[in-house]
Amino acid sequence: ERYEKIKAYMYENKYANINELAVLFDASVPTIRRCLKQLEKENIVESVRGGAVLHSSDKTIFEQPYQVKKQQNADEKSRIAAEACKYIQSNSSIFLDSSTTVYGMIPFMQGFKSLSICTNDVTVAGTLTSKYNYTVMVVGGILRSGYYTLTGNFAEKMMCQFHMDCAFMGSDTI
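Notes on the structure follow. Remember, predicted model here, so these are calculated numbers, not experimental data.

### Comments concerning the environment of Q110
Argument step 1. Secondary-structure assignment places Q110 in the loop between α6 (100-103) and β5 (116-119).
Argument step 2. Taking the C-alpha atoms as reference, Q110 lies 13 Å from Y87; in sequence the two are 23 residues apart.
Argument step 3. Excluding residues within four positions of it along the chain, Q110 makes contact with Y132 and Y134.

Shown next, in the form of structure tokens:
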């Protein structure tokens, strides 16, 4: 019965954290792992660090939740972010996208003078304005649920109006 409930949960939510499933279904973490391994054998889910994602039959890739992506490869992202900040110059205008690697640049952005920053990510904008005295512009658009990103035709048109010295963008995979 628990197995079927976890299976139904996966079909509905497309992602599950092992610890959350243990609490939700009042089971031990090893029990949840066994259920997820069985689902993986049946090609229903794919194991990922800390949980599982629903396996897509149409070969599309399920995008993991923002908070999960933010934690994955954190050391590498930090090194990339620090290196990327070397390309920023004071008195410049930059674009920061909504990737978790670009979000990792924020701690390394202190010390620059008079930056104008454009972003399509409300978390990036909020974090920048709470830490630094930079001019921050946010493009309008449709807020993508769970990812803090503004998207759509309006966002694209608005971004075309900006002229940036440098843009920093990430990719989920290559």
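The discussion continues.
### A word on the sheet that holds strand β1 (residues 15-17)
Argument step 1. In spatial order, the strands read β1-β3-β2; together these three strands make up an open sheet with antiparallel pairing. Each edge of the open sheet carries a strand with a single partner, namely β1 and β2 (45-48). For this sheet, the mean inter-axis angle between neighbouring strands, taken without regard to orientation, is 20°.
Argument step 2. Both β1 and strand β3 (residues 51-54) contribute to a ladder of three bridges, which runs antiparallel. Of the residues in β3, the one forming a bridge with N17 is G51.
Argument step 3. In the packing of helix α1 (residues 2-13) onto the sheet, the strands contacted are β1, β2 and β3, and the crossing angle to β1 comes to about 125°.

Parameters at a glance
- Residue numbering note: each chain is counted from 1, following its sequence as written.
- Residue-level local features of this predicted model are given only where pLDDT is at least 70; pairs of side-chain atoms are given and counted only at 80 or more, and the full residue set underlies all totals for whole chains, interfaces and linings.
- The side-chain figures draw on all heavy atoms in the structure; neither hydrogens nor water molecules are used.
- Per the convention used, a helix needs a DSSP run of H or I reaching at least four residues, while a strand needs a run of E reaching at least two, with both numbered from the N terminus.
- Note on contacts: a residue pair qualifies if any of its non-hydrogen atoms lie within 4.5 Å across the two residues.
- Pairing between two strands requires that DSSP report at least two bridges joining them.
- The axes used here are C-alpha line fits, helices contributing only the stretch in contact, and every angle between their N-to-C directions lies in the interval 0 to 180 degrees.

Function-wise, these values are silent; they only describe arrangement.
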